[in-house]
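Here are the chains, one letter per residue:
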Amino acid sequence: MEDVSRLPEATRRTTRRVFVADGDALVMPMTDWRYLLDGLHRILPNLERVSAYAMARNILDKSEAELRELRAGGVSMLYVGPESGDDVTLKRIAKGDDAKAHVDAAALAHRADIQLSVIALLGIGRERMREHAEATGRLVSAMNPRYFSALTVTVVPGTPLEKEARRGRFEVPPVLSLLEELQWMLKATEVTDTIFRTNHASNYLPLAGRLPDDKDRLLEILDAALAGQIALRPDWMRAL
């Protein structure tokens, strides 16, 4: 609150959106959230939307009444990253929540009128690429989010995944395999009205559209990319 209160008056007056960091901010107890939201609205008079990352368990640990209270306080968007809908893959990457937990969490958030942005991860399930991709599409369908994005796995030094890579237990799949994986994922996705993006720096092919309206067009672009008819983002432009 001290940091926010030090913002220039013009910034305080014009700020309409706040993102609460970091990975699972929804884990905070309601007393903390009440303090935070009350302070933000007091300091930022034109605040319209508060968003945060959340894990499935964070949502399920809150009652519907508590989530509705958060919604009334301005929390209108939660970013949830199941990464995979395949329980075998989820266990392997130690996600901690299975597909059912994500479906249940999404249903609870929807009942509280909180929108979801769901994040999937390409390349994480190399041994089960098709199973991972299709199960993820089915999971996104069941969660029916407002936004759906796909990122590409990146091996970061010092992480458990990097240790597996050094031991020869993990390798990021070839680029064309990642595109095939995204194609399988999209084919299995059946949502009512979802904004889809792959514009994250980790991805080789930035895509944008609305599902289901643009599904066929997006799949056609993927077909063209797999056939070598569309230039992919080179590694140096991925800025990773």
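Remember, it's a predicted structure, so these values are computed and weren't measured experimentally.

1. Quick word on the layout of surface pockets
(1) Moving on: Put simply, the largest pocket is a space of about 890 Å³.
(2) Moving on: Where the lining of the largest pocket is concerned, the elements lending two or more residues are β2 (49-54), β3 (75-83), β4 (115-122), β5 (147-152), α9 (160-166) and β6 (194-197).
(3) Moving on: In terms of residue count, β3 provides more of the lining of the largest pocket than any other element does, 6 residues in total.
(4) Moving on: Partitioned by chemical class, the residues of the lining of the largest pocket number 23 nonpolar, 11 polar and 4 charged.

2. Focus on the nonpolar core
(1) Moving on: In terms of nonpolar packing, the biggest core is built from 58 residues, with W33, I59 and L78 touching the most fellow members.
(2) Moving on: Excluding anything up to four places from it in sequence, W33 contacts V20, A25, L26, M28, V50, A52, L70 and V75.
(3) Moving on: Ranked by size, the runner-up nonpolar core spans 5 residues in total, among them L121, I124, V153 and L161.

3. With respect to the sheet that holds β4
(1) Moving on: Strand order in the open sheet made by the 7 strands is β1-β2-β3-β4-β5-β6-β7, with mixed pairing throughout. This sheet does not close on itself; its edge strands, each paired only once, are β1 (17-20) and β7 (208-211). Here the strands of the sheet are splayed against their neighbours by 20° on average, with no regard to which way each runs.
(2) Moving on: In this structure, β4 lies alongside β5, joined through 6 bridges in parallel fashion. Across the sheet, the residue bridging to L122 is T152, located in β5.

4. Regarding empty space enclosed by the protein
(1) Moving on: Considering all chains together, one arrives at 1 cavity of 30 Å³ or more under this definition.
(2) Moving on: Each pocket or cavity is described by its volume, and for the largest cavity that value is around 70 Å³.
(3) Moving on: Around the largest cavity, the lining residues are L122, T152, V175, L178, L179, L182, T198, N203, Y204 and L205.
(4) Moving on: The element contributing the most residues to the lining of the largest cavity is helix α10 (residues 175-187), with 4 residues.
(5) Moving on: Of the residues assigned to the lining of the largest cavity, the class counts are 7 nonpolar, 3 polar and no charged.

5. Notes on the environment of M185
(1) Moving on: The topology assignment puts M185 in helix α10.
(2) Moving on: For the pair M185 and P206, spaced 21 residues apart in the sequence, the C-alpha separation amounts to 15 Å.
(3) Moving on: Setting aside residues no more than four positions away along its own chain, M185 makes contact with A120, L122, H132, A133, T136, G137 and F148.

Conventions and cut-offs
- Residues numbered from 1 in each chain as written.
- Predicted model: local features only at pLDDT ≥ 70, side-chain atom pairs only at ≥ 80, totals over all residues.
- Heavy atoms only, no water.
- 1 Å grid on protein atoms, 1.4 Å probe; cavity = no way out; pocket = protein on both sides within 12 Å on 5 of 7 lines; lining within 4 Å.
- Points joined across faces, edges and corners; volume = space filled by probe spheres on them.
- Helix = DSSP H or I, 4+ residues; strand = E, 2+ residues; numbered from the N terminus.
- Nonpolar A, V, L, I, M, F, W, Y, C, P; charged D, E, K, R; others polar.
- Core = buried A, V, L, I, M, F, W, Y, C linked by side-chain atoms within 4.5 Å.
- Buried < 20%, exposed > 50% of the residue type's maximum accessible area, 1.4 Å probe, protein only.
- Contact = heavy atoms within 4.5 Å.
- Pairing = 2+ DSSP bridges.
- Axes fitted to C-alpha atoms, helices over the stretch in contact; angles between N-to-C directions.

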